[in-house]
Amino acid sequence: MLTATKRAVRLTPSQARTLTSIAERRGLTDYAMLQRIIEAGFLAVMHGTDRDTDTREIATGVGVISERLAEVERVLDRALFTACAAYAYARHSALGTKKPDEVIAADAKAAFERQRSLALEIEP
């Protein structure tokens, strides 16, 4: 059986409130949550998962997200252009116009550019 050593821990008021909040959400006492936090801190220090590692992981994650976001943007642009082309061809067909494909394609491109610029102007 292991024996524990008692230590006094001083928390700032902010840390104490945070500890209590986390403990309540997890259904633990403050003391049980503090013990888990101390164990997690020891593991982080022992395994080198301190701030430098976290910063590198965050930077890598942001890079991956940025790359995926660029891919999503390309896919959305293709989907928007396809929708605009479908609209342009359907419109010309419904109106019974006998315009060549080049004219309809130009209309589709113009519709795409209008929709794209409208989407980029939206402010939160």
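Residues numbered from 1 in each chain as written. Predicted model: local features only at pLDDT ≥ 70, side-chain atom pairs only at ≥ 80, totals over all residues. Heavy atoms only, no water.

Draft legend 1. Summary view of a nonpolar patch on the surface. Together, Val9, Leu11, Ile38, Phe42, Leu43 and Met46 make up an exposed nonpolar region whose accessible area comes to about 580 Å². Assignment of secondary structure puts Leu11 in the segment before helix 1 (13-26). (Patch = residues over 30% accessible without salt bridge, like charges linked within 9 Å, V, L, I, M, F, W, Y side chains within 5 Å. Areas by Shrake-Rupley, 256 points an atom, 1.4 Å probe, with all protein chains shown as cover. Salt bridge = Lys/Arg side-chain N within 4 Å of Asp/Glu carboxyl O. Helix = DSSP H or I, 4+ residues; strand = E, 2+ residues; numbered from the N terminus.)

Draft legend 2. Highlighting the side chain of Arg116. As for its position among the elements, Arg116 is in helix 4 (residues 101-121). At a separation of 2.8 Å, a polar atom in the side chain of Arg116 contacts the side chain of Asp77. Apart from the residues within four sequence positions on either side, Arg116 is in contact with Glu73, Asp77 and Leu80. (Polar contact = N/O pair within 3.5 Å; in protein donor to acceptor, adjacent residues only side chain to side chain. Contact = heavy atoms within 4.5 Å.)

Draft legend 3. Geometry of helix 1. With 14 residues, helix 1 ought to run about 20 Å at 1.5 Å a step, and its terminal C-alpha atoms sit 20 Å apart, in line with that. For helix 1, the complete set of buried residues consists of Leu19, Ile22 and Ala23. Taken end-on, helix 1 shows its buried residues confined to a sector of 100°, consistent with a single buried face. More than 90 degrees from the buried face of helix 1, the exposed residues found are Pro13, Arg17, Glu24 and Arg25. Of the surrounding elements, those touching the buried residues of helix 1 are helix 2 (30-46). (Expected span 1.5 Å × (residues − 1). Buried < 20%, exposed > 50% of the residue type's maximum accessible area, 1.4 Å probe, protein only. Arc of directions from axis to C-beta.)

Draft legend 4. Summary view of the packing of helix 1 against helix 2. One can describe the packing of helix 1 onto helix 2 by two numbers: an axis separation of 9 Å at closest approach and a directional angle of 105°. On the basis of their axis angle, the class for helix 1 and helix 2 is roughly perpendicular. Residues Leu19, Thr20, Ile22, Ala23 and Arg26 of helix 1 form the contact with helix 2, whose own contacting residues are Asp30, Met33, Leu34 and Ile37. The residue inventory of the contact of helix 1 with helix 2, partitioned by class, reads 6 nonpolar, 1 polar and 2 charged. (Axes fitted to C-alpha atoms, helices over the stretch in contact; angles between N-to-C directions. Parallel < 35°, antiparallel > 145°, perpendicular 65-115°, else oblique. Nonpolar A, V, L, I, M, F, W, Y, C, P; charged D, E, K, R; others polar.)

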